[in-house]
There are 2 protein chains.
Amino acid sequence: MANKLTSRAEDYSKWYNELVMQADLAQHSEVKGCMVIKPYGYAIWENMRDVLDKMFKETGHQNAYFPLFIPKSYMSKEAKHVEGFAKECAVVTHYRLKTDELTGEVVVDPDAKLEEELIVRPTSETIIWNTYRNWIQSYRDLPILINQWANVVRWEMRTRLFLRTAEFLWQEGHTAHATKAEAIEESEKMLHVYAKFAEEWMAMPVIRGVKSESERFAGAEDTYCIEALMQDGKALQAGTSHFLGQNFAKAFDVKFADKTGKMEYVWASSWGVSTRLMGALIMTHSDDEGLVLPPKLAPIQVVMVPIYKNDEQLAALAAKMDELSAKLTAKGIRVKVDLDDTKKPGWKFAEYELKGVPVRIAMGPRDLENGSIEVARRDTKEKMALQMEGAEEVIEALLNKIQENLFLRSSEFRTNHTTEVNDYDEFKQVLNSKGGFVSAHWDGTAETEEKIKQETKATIRCIPLDAKEEEGKCIYTGAPSSKRVLFAKAY
Amino acid sequence: MANKLTSRAEDYSKWYNELVMQADLAQHSEVKGCMVIKPYGYAIWENMRDVLDKMFKETGHQNAYFPLFIPKSYMSKEAKHVEGFAKECAVVTHYRLKTDELTGEVVVDPDAKLEEELIVRPTSETIIWNTYRNWIQSYRDLPILINQWANVVRWEMRTRLFLRTAEFLWQEGHTAHATKAEAIEESEKMLHVYAKFAEEWMAMPVIRGVKSESERFAGAEDTYCIEALMQDGKALQAGTSHFLGQNFAKAFDVKFADKTGKMEYVWASSWGVSTRLMGALIMTHSDDEGLVLPPKLAPIQVVMVPIYKNDEQLAALAAKMDELSAKLTAKGIRVKVDLDDTKKPGWKFAEYELKGVPVRIAMGPRDLENGSIEVARRDTKEKMALQMEGAEEVIEALLNKIQENLFLRSSEFRTNHTTEVNDYDEFKQVLNSKGGFVSAHWDGTAETEEKIKQETKATIRCIPLDAKEEEGKCIYTGAPSSKRVLFAKAY
């Protein structure tokens, strides 16, 4: 096991980095900006991916796979898109290395220069819409509802494991529709899929909203988002869904014949979540002892640790634990029985706390006599004694309770860290004291948004979809406003 | 639906390309050498991936993820590896584009040149062993049993969909062991996992063997392989598993303390299969009408097509079909009921034949009266009438029968196309007439192997693991040989 973590209060950012590494989730690689996702971290991501994939299929989507490389010229076809994405990207210029005859070193072969450079995809709208052109002739070919699980690269100078890395894993949905209304409906539908996933699986409450113009995806008409709140009072954008209008259809000349035979440009949406969700999951629930995982996504939901003095006791405990383990497994619960005799129980307790296993069961010689077990919850650290007989029912219910409790706890935190303010002084004071979401009136201009950002580092996270109409005055300019928006400092 | 396919007899290679495109499996992208895997093709790949992933986990492996990019210098650390892989690869030299002030065009920013070029991974031994160095201190850290699902890039000039593309999807297992015996055992174990998958899921018989030295993976001590035979008599390497010795441990200085405290280099294996398996699957079973899919991997196992004259009939048929569909679905069978009223039944029949759906059920007004259905097998094209009552049992059994039949059929084909020869004239004559595997004695030298290759285009596919000891003479040099090896022309 690892060293004690720096506490959140002492240094939140350090706590996060140490936790990610000590809990064996990920590490920096020697390749600048790229991470290695370790088996335990990847197992959590796999669980997330499998659930999301099922939700996408249930809403009518199919998976496909498009090329990693995008010709440089594609990036320029949509004016805003190129501004947003061409700047910091990995550029492939050559297709061969050779051994230098003089030095014997391996060098780039100057004769193998590409005619047109290739960009490692930062997102795939351009290559996909270039392909859709040949797939779409008439309204009968629509809608196209496709998703892709892939790696993408955005060159980042300042990286943080999971939150901001040059290469990351994600899914990107790309859909094509005959009408504007249908494309908007799709973008909103997928936003709700993301929100449902965040709340029901990650136990992480999110605000569903729409971005201000300056925070929009490059090339979108509207960007919907889910915004979560981390324990340090900073917001984290956990997923986005874009209504792309006809921008990419126009850039790549994708038209369809409608029922009357008239040629129209196709309407589009795109939507994505990434391994950034791992960062959100970690920061929403974890504590100074380590990771806290919602049971629904935990690779190990229940761990069993025997406490013994000799081999005979160990054998007897192992037999009992295997019995209970079989009953739990039959209920679909993911169990690990840890019989490793090179580690002490205390070490194991700390290790599984660090790894965020929701329920720990300990069993010693006295338990053998009494037919009992000791059950510890990771979320509240409460312990209780249980009879082994029928324990599987109690543990199953406990896992559900932990899942619920984590959601309640994070919802309560968010409620306590969402503040309505009505003037700029109060705004700054809240931001600098407790942080969190600050709900305030804004005059709707990019200028005001930019000034507030420069002066306070807070950005408009979103205009909540459920924001109620309310007459007010912009906290910065005093100009009239009809609804509150959410500000926060953000990851 | 598509045009009639070129027949296999007329032009096998053209047949393959047309089939892949018309059955909506994949297409070339505008990015040289990269393919787009379309939803139907991807659904088959997903099925393959899910089965393999389960088999890997059942044999104790965990998934992880390593960076896409490999620093150029890593490639040079293992002498043979760099020879094999550094030659044709995608090289990232810059990390930014910019808008040229004069022309307004997007160009590579010369100020954003990387200090060290990055290679897009052609395989990940180097980056993974560079990481393992920090994961391994003592024998307690071993074995490491990790697999990665990823995209890789090997610059290819002549590409063929699925069989040879610049970018492809694959899995690569990378394991680290304390002893040579354990690493060899692992390489062999995974070879058998691949063979089991090929035979039981793809219904494709394979020869398990070991490669001659010149066909070995660059950096391996031994390469095990499974070799399949396609319908045109050419062999296809369907999967490889490498015993890497201590080559990568030495190149990346990965040592461990054994139980006595002595420092030793770690032993390694690596193993992989790729989207190339899609090509193997297609070419093993398909016919001039289109794809033939083994039921276990078919995205749609049963399709139902109504035959009707009016809406009333359609509604009645739809109700009956939904009933049967529910019963089949309850058995875990993947069913599609095709009620699309813009397409005629004849069109649909041809379309699902092209797509290789194993079982087609048709139902017309007379069937409604009689409580019957018509069932057609894709593999033999036989049709039979069935009572709807209890049909789900018959269909379930039929799917198993089709799976078996495909394996028997391809096994028989292979038996008929495996020929023992004892002299070089016969060798050439067999190769040029019926093709297939040619089993012959070889003197074990790379020179002879190379000469035979140059003269006949046949390579040694493998030395079968079950090759029996037998005294013989090399067909080329007459030198003594103790076992037969398998030659073939290959993909």
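Thresholds applied
Residues numbered from 1 in each chain as written. Chains lettered and ligands numbered in written order. Predicted model: local features only at pLDDT ≥ 70, side-chain atom pairs only at ≥ 80, totals over all residues. Pairing = 2+ DSSP bridges. Helix = DSSP H or I, 4+ residues; strand = E, 2+ residues; numbered from the N terminus. Axes fitted to C-alpha atoms, helices over the stretch in contact; angles between N-to-C directions. Contact = placed C-beta atoms within 7 Å. Nonpolar A, V, L, I, M, F, W, Y, C, P; charged D, E, K, R; others polar. Domains from an automatic or database assignment. Core = buried A, V, L, I, M, F, W, Y, C linked by C-beta atoms within 7 Å. Buried ≥ 20, exposed ≤ 12 C-beta atoms within 10 Å, placed from the backbone.

Draft legend 1. Highlighting the sheet that holds strand β19 (residues 372-377) of chain B. Residue and element names in this part refer to chain B. Judged by pairing direction, the sheet is mixed, and its five strands sit side by side in the order β17-β16-β18-β19-β20 without closing on themselves. The sheet terminates laterally at β17 (335-337) and β20 (383-387), the two strands that pair on one side only. Averaged over all pairs of adjacent strands, the angle between strand axes in this sheet comes to 25°, irrespective of strand direction. Strand direction decides the pairing type here: β19 and β20, joined by five bridges, are antiparallel. Across the sheet, isoleucine 373 pairs through a bridge with leucine 386, a residue of β20.

Draft legend 2. Broad picture of the interface of chain B and chain A. Across the contact, 49 residues belong to chain B and 49 residues belong to chain A. Considering each element in turn, the side of chain B that touches chain A owes the most residues, ten residues, to strand β5 (residues 88-99) of chain B. Its residues assigned to classes, the side of chain B that touches chain A comprises 31 nonpolar, nine polar and nine charged.

Draft legend 3. Layout of the domain arrangement of chain A. Residue and element names in this part refer to chain A. When its domains are assigned, chain A resolves into domain 1 (12-285), domain 2 (300-401) and domain 3 (418-488). Measuring from the centre of the C-alpha atoms in domain 1 to the corresponding centre in domain 3 gives 29 Å. Taken together, the contact pairs 15 residues of domain 1 with 15 residues of domain 3. At the level of elements, β10 (207-210) and β11 (222-229) are the ones that each hand at least two residues to the side of domain 1 that touches domain 3. The leading source of residues in the side of domain 1 that touches domain 3 is β10, at four residues.

Draft legend 4. Looking closely at the sheet that holds strand β8 (residues 144-153) of chain A. Residue and element names in this part refer to chain A. With mixed pairing, the eleven strands of this open sheet are ordered in space as β3-β8-β9-β15-β12-β11-β10-β23-β26-β22-β21. Unpaired on one side and paired on the other, β3 (62-63) and β21 (418-420) mark the two borders of the sheet. Here strand β12 (residues 235-245) runs beside strand β15 (residues 267-274); their pairing, made up of five bridges, is antiparallel. In the strand pairing of β15, phenylalanine 243 is matched with serine 269.

Draft legend 5. Region of interest: the nonpolar core. With 294 residues, the main nonpolar core has Ala228 of chain A together with Ala228 of chain B as its most contacted residues. Residue contacts for alanine 228 of chain A: discarding those within four places in its chain leaves Ala198, Met204, Val206, Ala235, Leu236, Ala238, Ala280 and Thr284 of chain A.

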